[in-house]
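Breakdown of the fold
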Amino acid sequence: MSRGGGRKFASRQVIDRQPSGGPTNQPGAGRAERGGGPSGWVGGGLCAGSGLGLGNRFGGLRLSQRFLFLLLLSGFVTVCFGAIFFLPDSVRLRRFFSLATELQRADAAGRRAGRRGDGGGTPRMMKFAWDNYKQYAWGTNELKPISRSGHTSGLFGGLQGATIVDALDTLFIMDLQDEFREAKEWVENNLALNVNGEVSVFEVTIRFVGGLLSAYYLTGEELFKTKAIELGEKLLPAFNTPTGIPWALINLRSGVGRNWGWASGGSSILAEFGTLHLEFVHLSEVSNNPKFAEKVMAIRKVLNRLEKPHGLYPNYLSPVTGHWGQHHVSIGGLGDSFYEYLIKAWLMSDSTDEEAKTMYYEALQAIETNLVKKSSSGLTYIAEWRGGILDHKMGHLACFSGGMLAMGADDAPAEQSQHYMELAAEIAATCHESYRRSATKLGPEAFRFDGGADAVATRMNDKYYILRPEVVETYMYMWRFTHDPKYRDWGWEVVQALEQHCRVDAGFSGIRDVYSSPPYHDDVQQSFFLAETLKYLYVLFSEDELLSPEHWVFNTEAHPLPIIHGSREQK
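If you're wondering where the values come from, they're calculated on a predicted model, not measured in any experiment. (Residues numbered from 1 in each chain as written. Predicted model: local features only at pLDDT ≥ 70, side-chain atom pairs only at ≥ 80, totals over all residues. Heavy atoms only, no water.)

1. Quick notes on the overall build of the protein
Tallying secondary structure elements over the protein gives 23 helices and 18 strands in all. Looking at the protein alone, contacts between residues at least 24 apart form 68% of all its contacts between residues at least 6 apart. Counting only carbon and sulfur atoms, one obtains 52% of the accessible surface of the protein, whose full area is about 24,000 Å². (Helix = DSSP H or I, 4+ residues; strand = E, 2+ residues; numbered from the N terminus. Contact = heavy atoms within 4.5 Å. Areas by Shrake-Rupley, 256 points an atom, 1.4 Å probe, with all protein chains shown as cover.)

2. Describing the sheet that holds strand β8 (residues 328–329)
An order of β8-β11-β12 is seen for the 3 strands of this open sheet, with the pairing classed as antiparallel. For this open sheet the edge positions go to β8 and β12 (389–391), each flanked by a neighbour on one side alone. Relative to β12, strand β11 (residues 384–386) runs antiparallel, the two sharing 3 bridges. Looking across to β12, one finds that Trp385 is bridged to Leu390. (Pairing = 2+ DSSP bridges.)

3. Observations regarding the nonpolar core
Counting 153 residues, the largest nonpolar core has Val187, Tyr339, Leu442 and Leu498 as its most contacted members. No other element matches helix α11 (residues 201–219), which puts 11 residues into this core. In contact with Leu442, not counting residues within four places along its chain, are Ser434, Tyr435, Tyr465, Val494, Ala497, Leu498, His501, Cys502, Ile511 and Val514. With 6 residues, the next largest nonpolar core counts Leu249, Trp260, Ala263 and Tyr316 among its residues. (Core = buried A, V, L, I, M, F, W, Y, C linked by side-chain atoms within 4.5 Å. Buried < 20%, exposed > 50% of the residue type's maximum accessible area, 1.4 Å probe, protein only.)

4. Observations regarding the state of the cysteines
A covalent bond between the sulfur atoms of two cysteines is what we call a disulfide. The full count for this structure, using the stated rule, is 1 disulfide. Across the disulfide from Cys399 sits Cys431; the S-S distance is 2.1 Å. The sign of the -95 degrees torsion about the S-S bond sets the Cys399-Cys431 disulfide as left-handed. Pair noted here: Cys399 is in the loop between β13 (393–395) and α18 (401–409) and Cys431 is in helix α19 (residues 414–436), with a separation of 32 residues, a long-range link. Overall, Cys399 belongs to the buried group, its relative accessible area being 1%. (Disulfide = S-S within 2.5 Å.)

5. Overview of α18
Burial runs high along α18: 9 of the 9 residues are buried. Listing the buried residues of α18 in full gives Ser401, Gly402, Gly403, Met404, Leu405, Ala406, Met407, Gly408 and Ala409. Buried positions along α18 lie against α16 (336–348), α17 (354–370), β10 (380–382), β13, α19 and α20 (470–482).

6. Some remarks on the pattern of salt bridges
In this structure the tally under the stated criterion is 27 salt bridges. Two residues, Glu426 and Lys374, come together in a salt bridge whose shortest N-O distance is 3.6 Å. You can see Glu426 sitting in helix α19 and its partner Lys374 sitting in strand β9 (residues 372–374), a full 52 residues away along the chain. The exposure class assigned to Glu426 is partly exposed, which follows from its relative accessible area of 31%. Residue class for Lys374 comes out exposed when judged on its relative accessible area of 53%. With a shortest N-O distance of 3.5 Å, Arg386 and Asp391 are connected by a salt bridge. (Salt bridge = Lys/Arg side-chain N within 4 Å of Asp/Glu carboxyl O.)

7. Focus on the sheet that holds strand β3 (residues 198–200)
The strands that make up a sheet pair up through hydrogen bonds in the backbone, lying either parallel or antiparallel. Read from one edge to the other, the open sheet built from 3 strands follows the order β3-β4-β5, with strand pairing classed as antiparallel. At either end of the open sheet lies a strand with only one pairing partner, and these are β3 and β5 (257–258). One ladder, built from 2 bridges, connects strand β4 (residues 249–251) with β5; its direction is antiparallel. The residue of β5 that forms the bridge with Leu249 is Arg258. With respect to the sheet, α11 is in contact with β3 and β4, its orientation differing from that of β3 by roughly 65 degrees. (Axes fitted to C-alpha atoms, helices over the stretch in contact; angles between N-to-C directions.)

8. Here's the deal with the packing of helix α21 (residues 486–502) against helix α22 (residues 527–540)
Two elements in contact, α21 and α22, have axes whose closest approach is 9 Å; the angle formed by their N-to-C orientations is 140 degrees. For the element pair α21 / α22, the angle class is oblique. Handedness of the crossing formed by α21 with α22: left-handed. Residues Tyr487, Arg488, Gly491, Val495 and Leu498 of α21 pack against Phe529, Thr533, Leu537 and Leu540 of α22. (Parallel < 35°, antiparallel > 145°, perpendicular 65-115°, else oblique. Left-handed = near helix turned anticlockwise from the far one by under 90°.)

9. Focus on the side chain of Asn141
By secondary structure assignment, the location of Asn141 is in the loop between α8 (122–137) and β1 (142–144). For Asn141, a relative accessible area of 0% translates into the label buried. Within the local environment of Asn141, its side chain forms a polar contact with the backbone nitrogen of Ala162, the two atoms lying 3.0 Å apart. Discounting residues that sit within four places of it in the chain, Asn141 has contacts with Tyr133, His151, Thr152, Phe156, Leu159, Gln160, Gly161, Ala162, Thr163 and Phe208. (Polar contact = N/O pair within 3.5 Å; in protein donor to acceptor, adjacent residues only side chain to side chain.)

10. Things to note about the UniProt feature "binding site: Ca(2+)" (unreviewed entry) in the protein
Look at the UniProt record and you will see "binding site: Ca(2+)" (unreviewed entry) annotated at Thr556. Tracing the backbone through its elements, the reader meets Thr556 in the loop between β17 (552–554) and β18 (560–562). Contact partners of Thr556, with chain neighbours within four places excluded, come to Phe202, Ile206, Thr275, Ser337, Glu340, Tyr341 and Glu532. Here Glu340 takes part through its side chain, which lies 2.9 Å from a polar atom of the side chain of Thr556. (UniProt positions renumbered as here; feature names shortened; annotations may be inferred.)

11. Regarding the packing of aromatic side chains
A complete count under the given rule lists 24 aromatic pairs for this structure. Where Trp130 meets Tyr133, the ring centres are 5.9 Å apart and the plane angle is 45 degrees; that geometry is what we call tilted. Within this pair, Trp130 and its partner Tyr133 are both found in helix α8, separated by 3 residues, close to a single helical turn. For the pair Phe156 and Phe208, a centre-to-centre distance of 6.0 Å together with 65 degrees between the ring planes defines the contact as edge-to-face. One end of the pair, Phe156, is in the loop between β2 (149–151) and α9 (162–173); the other, Phe208, is in helix α11, and 52 residues separate them in sequence. Classification of Phe156 as buried rests on a relative accessible area of 1%. Geometry around Phe292 places Lys291 over its ring, the cationic atom sitting 5.9 Å from the centre. Residue placement shows Arg503 over the ring face of Phe128; its charged tip is 3.7 Å from the ring centre. (Phe/Tyr/Trp six-rings, centres within 6.5 Å; stacked < 30°, edge-to-face > 60°. Lys NZ or Arg CZ within 6 Å of the ring centre and 35° of its normal.)

Here it is as structure tokens:
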């Protein structure tokens, strides 16, 4: 079943605008070429010469002579325009009246063609980000490009090298061979997994396990497979709870787990325990050990037993009691990638995981019924739900959903397929507006649709941008499934904004207020900028054969994992 893979790029004619060879102030120069008609009619001849040097002569004529001359002149003009209407090729008429538009389109087509040839310049951006990380933060998790030092967070505990592992497949895909070899050598010699510290099960799974698995599948290097399995084994104790819903945090050495203290009375988070499926199924594939897949399949059994308010999945679930926590529903933070992994599990299984398919489309129906709204200006957005009350805001994280909707449209019920593609396009347009309406042309962390706001952030703590990928992720999917050039144009706007506002002397930094220019930088080059943002942009400007959705599924950190084509035969 085709999901857009392998389609050729829509052909575009790039108009050659070479100099004509004559001086630019020569009367009539170049008009015949741009007008598209024979030179006797458009470029030179009657129309071209009708306005040359008439001023002085006209002033010396008597009144009757002037009248006669004006009559003759009007006749010539009538002949010129009338002749155009009788030309056999109607394109000439259109071109005559739209020279400026035609040339603008030619320029745009030329720019698109140039961007396509080098991945939109993203390999150069990737090398710049990587080289500065290597120089100032090598072996640490992330780079502080203004301080020119290493950076880490509580997500990784004592685990190091997040940028290196996260960037492995991007370096390989972009053919940055020397940089890839450097990364591989570090993984082989320095990636220590038996660390005494708490790590986020979710973040380590999507960044480290996903990155290692992807590097293995792309290169065949056993080193990456061995490290992925070893790390997967250390994450398994997180599932030792009364319900099988994993803890959010695990000590990689002791195996002791717990949840975030702020998460609704010690609950586990939907987007965390629901975003392990792709990686753990592949761990079973490469290890021939079913226990990894069994752990994530057990999560579904718990979810399917629970009653869901209005068909919606709340973001919090107790791993001890198996009951929902606060009834907060979001397609952005805390909920987002759970839904993404349902449709991707179906696709990755070679369309055999019927349970995932059913859960996805049922959840999507509930989301559309309860959360999808239109603003006063006609923008479609996905609101949040708090105990039955809508919060009319949409997070940057929720902007991935345009791509998700497009990805799942082909397999939707026939009467819904086109509708989901239209909804995907509307979400993409709304997220683009959130970028367009800022001074930096980058989008805020969250934007609102109430109190007079329309796709803009109104609170200071929502105005930051931390190099997030979700908007360009949707552009990439929408391009692949529609080949509408606007998605590449929008992606190019992001490239330009990143270069102008986020590039600093020693890397790329997030910014604290997208509405302020020049911006104030947050001094962090996130590992996902190399793993996701630059990779999605590169794929957006590449041929469709690169990582075709016929053969690959991206995990939520943009690490490509192969579709398990044997699933259908095994079933």
